[in-house]
Each structure stands twice: as C-alpha cells, then as structure tokens.
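The residues making up each chain are set out below.
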Amino acid sequence: MTTKFAQRGAVLAIAAAVALAGCSTGTPAPEDTGAADTEVVSAGTLTIGARVDNNSFDPANLEIGNRVQYWQPVYDTLIRLDAEGQPQPNLATEWSYNDDGTVLTLQLRDDVTFSDGEAFDGESVKANIEHIKAGTGQNRFMVEAIEEVVVSSPTEVELRLSEPVPPLVSYLGWVAGVQASPAALESGTIGDAPVGSGPYLYDAAGSVRGTEYIYTKNPDYWNADDFPYEEVIVRPINDVTALVNALKTGQVDAALLTPQVAGEVEAAGITVNTLSVAWVGWLLADRNGTVVPELADVRVRQAINHAFDREAMVTAIMSGYGEPTSQVFNTASQAYDAELDEYYTYDPERAKELMEEAGVDGFTITAPEWSGPWTNLFPILKDQLAEIGITLEYVTIPPDQAVAQALSGDYPTVFFPLASASAWQDIQTWVAPDAPWNMLGATDAELDQLIEEAQYAQGDEQEEAFQEVGTWLVENAWFAPLFRQDQVFGTNAETTVTMQAQNAVPSLWQFRPAAD
Amino acid sequence: MIAFALRRLLFGLSLILFATTATFFLVYRDASLVTRNILGEGATQADLDARAAAMGLDRPILVQFLDWLGGAVTGDFGQSYFSTESVASILVSRVPVTLSIVAVGVLVSALVSAVLGILAAVRGGVIDRIVQVLSVIGMALPNFWVALMLVVVFAVTWRLLPATGYVSPAQSVSGWLASITLPVIALAVASIAAATQQVRGAMIDVLDTDYIRTLRASGVRERSILFRHALKNAASPALTVLSLQFIGLFGGAIVIEKVFALPGLGTTAVNATLQGDVPVLLGVVAVTVVIVVAVNLLIDLANGWVNPKVTLR
C-alpha cells in the first residue's frame, strides 16, 4: 500500500514540477491564474479585486459601497454621478422639479434596449421603482417617498413624492435609478441572472460565484465609448494581505486597500488613489443629558472636542491617510464647510476651562469597545479624556455586534467610523429625531427648523441651508469627530482611475487603461 | 466487515445530527443582528423587522430549526441569508477547493515523510540528525508564516506561481496544480515534520525486532526486508497519524485559504460565522462531519488490510 502511495505521489510530484517549469517559461495557458498572465489580463480586461463577495443582482437588494463593482457592469442608472458627485445625464437626459419640490419630471432616452431585447421606456422606470419599493433591501429608503410614478409618455415620467427628498436625483445615480428589464424583474431569477441595459453582459457560465465574476462587452451598448475594456472581471478577495499580493503580481489591476498597507504597495509601484468618504469619531448621543446629565451642557461637549489630538491620531493610526476634522459631512456634501474642519483644536487647557465654566468636576461615561482596526486608538481616546477629568469606561463587545450595540441606546457616547453620503441622507441617519444613529432621540427646536428649511429649499439656497445645519452641529458639539478616513484604492501601472465622491470605490466608467 | 461499516455509518449520521443541532443553537442569534448585518448602519427598526419577516426569521427558533432539519433530510440545506446562492451550490463549489489542498497535502505529507523517515531510520548518523532537526523546525514554524514567506518568494519576487486564487482542474489541470502548489506546501510542512518522526520511530522499532533479524539471517535481500516486511508493519501507526493529520489539516486550511484567498470551506465557515449566516454554517458543519467520518472509516479499513492483527468489529 505504501508503495502505491509512493507511486501516486511521484506522479504528482512530476506533474507539479512540469507545471512549475511551464509557469517559469512565461507561457501558461490563458486560463491559468499565474502571475505571468499580467499582459493578457491588462490588454483588454480590467480585473478588479473586491473586498466583499456579491450578494444579489436583484435591483431590490443591490447595495452601494463595494458592491457597485458587481452591478455597474450590467445595469444602467437613470442618472450618472460624476467624480464630484454631481448628477449628469444618462438614461434620463433632462430633469426638473416643480415649485415645491414634490414632483420630479424625467426625460428619457429612446434608443436603449435591455439585453433580452425589450425596449427601455417610461414603463420600465415605473416597474423598477415599484420593484425596489416592494422589497426589503438596504436602499429601499431611496424610493420610499415616491408615492407614484406617472408615465406621461415612453420618454417622460413623473416621480410624485410625499415630501421633498433633496438628494433624490443623486439617488437615481445609485440603486434607485437602476434599470433592469421589467420581464426579468417578474421572472424570479434576476438575483442570479441580471438582465439590464448596461455596458457589459454577465457571463454566468464562465463565472464562479465566490471566485470570479466575468462580464463581457455588450455589443449593442448605446454609450460604448465610455467603457474601453473588452471584458471586466471582479474577484472577491476579502483578506487585505492577499489583495495586496494579487495587486503586486498583476492578478488584479485595481483594488480597495487600507491606509496601513499604502506605503508597502506604493514601494512596489502601485498607484495609491485616495478620497475621504467616512468620518471617524464620537457620537455624543446623550446630548440631552438623559443618562449622563453633564453631557447636556454644550460647554462639556465642546471640552470633549478640545481634548483630542487629531493631528497625532492621523499620523500614528492612519499613517497620514486622513484629515483632522470637527465636522461629520464629507467634502463633496452640500453641508460641508472647509472652515469647520479646524473649529476644535487640541487644547486640553481650554477644555479644562470649559469644564470649570460648566461647573463640572469630572464624571464618568461608558462606550462600547471591540477588537479590530481601532484597537490601538481606544486607549489613546481614554487617556486624552482622562487628561481633562473625564473617566471613559469601555464595555467590550463582540466585533460582529458593533453596529447593533452602538445603536442599542445603552451608551451615552459611541465611537464609530461612519460613511458620509449626501447631506440629507446623513442628517436622516445621524441627526433627525428618529435617525437610527441619534440613539437617545435627542432633539432641538432650532435644529429641527434648520433641517426643515434645508429640505424645502432648492439650488444655492438649499446648499446654504445645509451649511447652516452643519455649523449648528459643530457649534453645539453634537459630535466629536476626529478625522476623515481616506479610502485607499490601488491601481497597477496599466490602469488609471478617478475616485468617486461619496462612495468607497470608483464607478466603472472612472477606469481607463493607462495609455488611453 | 459490512456490519462494522454499517455501524460506523449509523454513528456518522448521529454525529451529523448532534453537530448540526449544537451548531444551530450555538450560533443562532437575534434576528435583528442578522438583518442589521444585511441592511447596514442606516436601517431603521421597521426596516429590520420587515426584512426579518420576509426571511422567516421572526418565527420561533424551534420552528426555524425543524424547518431546516426537514429540508436537510431531503437534501435541501436552504439558502444563504446574505446572497441568492443556495447552500448546496455553495458547498458544491467550495468543498473541492479545500479537499484539493487537504488531500494533496496529505499525499505529499505521506510521500515525503515516508522517504525522510525511512532514510533517517536506516542510515542513521548525520542524515538522521539532519532529518530530526528539520522535523523540529518544521513543527515549530506556524503555517501562516510559511504561507506568507512562500508568497513573498515564489509569487511576488520570482513570479513563478500565483499569489492568490483557485483554478478548478476541469478548467485547467496545470492551472489547478499551480494554484494549489504553494498552499499545499504551506499546509504540509508541519504535517511532514510530525509524520517523519512517526515513520522514523516505527521503522527503528520494527527493524530491531527478532523476525527482521531472522529474515536477514535467512539471506532475504535488504530492500525486500525494508519495503515488504518492515514498512508494512510500520505503516499502521503512520496511517493513524495520517488520518489525524487529514482532519487536522482541515483546521489548518482555514488560515491557508485566507492567505491565498482560496474560496474553500474554511473561508466560507469564517465568513458565515462572522456574519451569522446560520444555513451556510450548518451546511459546512454537516459536510465536514461527513468527510471526517468517511476518512476515519477508510483509515480503519486500510488498517485492517495492512495489519491482520487489527480486527474490525
């Protein structure tokens, strides 16, 4: 028996040696994943390394963030958002609101067909919006206020809203605007077999779920000039070290990395593209003083903001890939005001003065702590608060329950990294009285008034109104933001990319071959 | 023999039932934790409740378990909470990946450890000492470190083999071999080190027995003594070690799959555990138990074949 084992082993060893020799000559079969494939992969194929696997191709369950990489090849959206996040024509060529912002009228292209041969028209828009609204997906909120879709003609639809939704046009550049064939929506198989009008067709037979998703060029696409690649492959690789190795060896052309590996990949000739999307810091949830009465005093919350050395944190924790800030809104947000970034500086003496003015002589707050990327930051935060007389007691929680625990309402303060999108969306998520991240339901009449003014304003007035909300939040220290975290997106020498405002990864049309 | 196999089969089925039941109740968590992971940070409680109802997670835990069990008996392991993929389809694509690196790892381990063990036992002296030192080093090196070093040298620096990914043999045999070579080496190093010591010790014991001396005195050729008599008797403990290693390598595969981004059972189990994807985790547990029971059964049968003293009852 042992002899048989040995014979089989010898055959295998020889085969492995042959394979090894084959690879080293640099002429592997095209389907090999060997590093020598680099030239083949980059000639007409864009291979993206994705940090998460795909969940579904069903428009009702599509997600933004990392997962746009799976659906943008197959689906068109009504609007296209440019690199700055500004809406541009796509399937919708023009759009306009009525006076009170409750009806959005869209003019549609008349030369687009889905990959099953069905024509795209107003009825398709209605079917898709109703499909998303009937579902229970992550982005259903984007269409929630659309009470009715009225199809005036094949090339015109009206979206009638229950109330103004300031970023609705932007939403139509994401999941709310995704257009799938209405016949496919009814088929019950769209989760696995997408039928869209996008620049690429999903090759279900060639793809292996969990390993690689292959998209081939759609020969009938109406806007082919914007998509130079013959083929797009998305490979889910959730381990950052593995992703870095895949990028270094040319197995992938582009991938979302982390600040911690940016220096290493740059040294290996990888281009590091950055854009800040998320802010990292404290939600001073008990700003009405329900659990910790001291937090109701604005001077105490301002003192907390002065306690943190943001510059040092960006250098030490983020390897320099971040920007200190005192505001929660991203730089492309309507509510962003560059001057607010440095509103609170590291000034423990000023913090102590504020505590004294408030008549507070030290108190204790609790917050959840979990192991993960912020493990090194937690003790620093505790020490810096201790310096101004505040005792921070951490409650250790399992990492997979971080969001649920943070939102439980059990803690007066919560440290968290949060992605920032449109001003309205951020306000609905973190600030409004019923926002999930306003965990203890804090309210303020003046703030509510400012939010309402922003909701009903339009154009420049709306931007000013949102900035007033942003200023109010900083002055009243509802949060203690520390820094904006840079997204670090690596591309190899054959690929260039422009980062996409308000999303973790660039959109597909932002990729170009380097020589292009 | 048949009664033995049937008894083991029955034992295996009970083990699957026990392991999956225990797993279900250990990893089961509040529906809102699962739906929060699906719907993200911005979801309201109403969104979470609607999703839980759509997925049937609002039903009592016992009803959910019995529902799963009823399906599993008929081969329907349900659907992942987090994707449209069925658990059966996930297992069909992930099991071959892990089996590839573990089975080839065991084969390589058996072959190399047999050669090194026999060499050390027969030659002794400097060779024995070198093999022993290498064995100790092999056992001391963590497999993830070995894996990372292999990637740095053979994939990143020399570009000989792929750094990540898996190619199925149906797609390309050479691609498959290239994709599993580094993971297999990383996985097998510690296993080779342990098995070499086992083979060496067993061979030294056997070669020192009276019947070997008698064979030598009868003029039987040394090669025949070594391979036809001594090795066959030394094989039994080595086979037991091998079966244990096969199971042990399944655990090691979790780390190795992560380093090489292989979409195998280990990666699937870790992701399912972190997300709370109960149906996928139950599928992984069930299939792992089946593999472990099957391997143990095969090794028992092989032991009975190589060693007549072993009786299968």
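This structure is a prediction, so every number in the text was calculated from the model and none was measured.

S.K.: Describe in detail the overall build of chain A, supporting the description with residues and values.
M.R.: Across its full length, chain A carries 16 helices and 21 strands. Its C-alpha atoms give chain A a radius of gyration of 26 Å, within 12% of the compact-globule value 24 Å for 516 residues. A principal-axis box enclosing the C-alpha atoms of chain A has dimensions of 80 × 70 × 45 Å. With 516 residues in all, chain A has 51% of them scored as buried. Expressed as a percentage of contacts within chain A between residues at least 6 apart in sequence, the contacts between residues at least 24 apart total 69%.

S.K.: Could you give an account of helix α7 (residues 143–157) of chain B, with specific residues and numbers?
M.R.: Its 15 residues give α7 of chain B an end-to-end C-alpha distance of 20 Å, which sits within 8% of 21 Å, the value for a rise of 1.5 Å per residue. Maximal helix bending in α7 of chain B amounts to about 30°, located at V151 of chain B. By the burial criterion, the buried members of α7 of chain B are N143, V146, A147, L150, V151, F154 and A155 of chain B. Structurally, α7 of chain B contributes buried residues whose contacts are with α7 (240–248) of chain A together with α8 (173–207) and α10 (222–259) of chain B. At the C-terminal side of α7 of chain B, R159 of chain B shows a positive phi close to 55°.

S.K.: Any chance you could break down the pairing of strand β5 (residues 92–97) of chain A for me, citing the residues and the numbers?
M.R.: Residue and element names in this part refer to chain A. In terms of strand pairing, β5 meets strand β6 (residues 103–108) through 5 bridges, oriented antiparallel. From the neighbouring strand, E94 faces β6, where its bridge partner is Q107. Here β5 hands over to β6 after 5 residues, with G101 in that stretch at a positive phi of 70°.

S.K.: Please provide a residue-by-residue account of the packing of α10 of chain B against helix α12 (residues 278–306) of chain B, values included.
M.R.: Residues and elements named next belong to chain B. Between α10 and α12, whose axes approach to 10 Å, the crossing angle comes to 175°. Taken together, the axis directions place α10 and α12 in an arrangement best described as roughly antiparallel. Counted together, K232, A235, S236, L239, T240, S243, F246, I247 and F250 of α10 and T288, V292, V295, N296, I299, A302, N303 and V306 of α12 form the full contact between these two elements. The residue inventory of the contact of α10 with α12, partitioned by class, reads 10 nonpolar, 6 polar and 1 charged.

S.K.: How would you summarise the pairing of strand β11 (residues 213–217) of chain A if you had to cite specific residues and measurements?
M.R.: Residue and element names in this part refer to chain A. Bridge count for strand β10 (residues 200–202) against β11 is 3 bridges, and the pairing is antiparallel. Across the sheet, the residue bridging to Y202 is Y215, located in β11. Relative to strand β12 (residues 231–236), β11 runs antiparallel, the two sharing 4 bridges. Looking across to β12, one finds that Y213 is bridged to V234.

S.K.: Outline the sheet that holds strand β8 (residues 156–161) of chain A, listing residues and values.
M.R.: All names here are of chain A. With antiparallel pairing, the 4 strands of this open sheet are ordered in space as β5-β6-β8-β7. On the outer flanks of this sheet lie β5 and β7 (146–153), each paired with one strand and no other. Each adjacent strand pair in this sheet contributes to an overall mean axis angle of 20°, direction not counted. Two strands pair when backbone bridges link them, and β7 and β8 are joined in this way by 6 bridges, in the antiparallel orientation. The residue bridging V151 from the neighbouring strand is V157, located in β8. Relative to the sheet, helix α4 (residues 122–134) contacts β6, β7 and β8, its axis offset from that of β7 by approximately 170°.

S.K.: An account of the packing of α10 of chain B against helix α11 (residues 265–275) of chain B is needed here, citing residue identities and associated values.
M.R.: Residues and elements named next belong to chain B. One way to put it is that α10 packs onto α11 with a least axis distance of 7 Å and a crossing angle of 90°. One finds that α10 runs roughly perpendicular with respect to α11. Counting all contacts with α10, which are made through A253, I254, E257 and K258, the residues of α11 involved are G266, T267, A269 and V270. Tallied by class, the residues present in the contact of α10 with α11 amount to 4 nonpolar, 2 polar and 2 charged.

S.K.: Can you lay out the nonpolar core for me, pointing to particular residues and giving the numbers?
M.R.: Of all hydrophobic cores here, the largest spans 208 residues; its most connected members are L257, L284 and V469 of chain A together with L182, A186, A234 and A238 of chain B. Counting 23 residues, the second largest nonpolar core, distinct from the first, contains A31, L48, W68 and V280 of chain B.

S.K.: Please give an account of the domain arrangement of chain B that cites residues and values.
M.R.: Residues and elements named next belong to chain B. Domains assigned within chain B are domain 1 (2–73) and domain 2 (87–312). Counting residues at the interface gives 17 residues for domain 1 and 14 residues for domain 2. Residue assignment for the side of domain 1 that touches domain 2 shows that the elements contributing at least two residues are α1 (2–27) and α2 (31–39). The leading source of residues in the side of domain 1 that touches domain 2 is α1, at 11 residues. Looking at the side of domain 1 that touches domain 2, its residues break down into 11 nonpolar, 4 polar and 2 charged.

Rules and cut-offs
Residues numbered from 1 in each chain as written. Chains lettered and ligands numbered in written order. Predicted model: local features only at pLDDT ≥ 70, side-chain atom pairs only at ≥ 80, totals over all residues. Helix = DSSP H or I, 4+ residues; strand = E, 2+ residues; numbered from the N terminus. Rg over C-alpha atoms; globule rule 2.2 N^0.38 Å. Buried ≥ 20, exposed ≤ 12 C-beta atoms within 10 Å, placed from the backbone. Contact = placed C-beta atoms within 7 Å. Expected span 1.5 Å × (residues − 1). Bend = angle between axes of the 7 residues up to and from the residue. Pairing = 2+ DSSP bridges. Axes fitted to C-alpha atoms, helices over the stretch in contact; angles between N-to-C directions. Parallel < 35°, antiparallel > 145°, perpendicular 65-115°, else oblique. Nonpolar A, V, L, I, M, F, W, Y, C, P; charged D, E, K, R; others polar. Core = buried A, V, L, I, M, F, W, Y, C linked by C-beta atoms within 7 Å. Domains from an automatic or database assignment.

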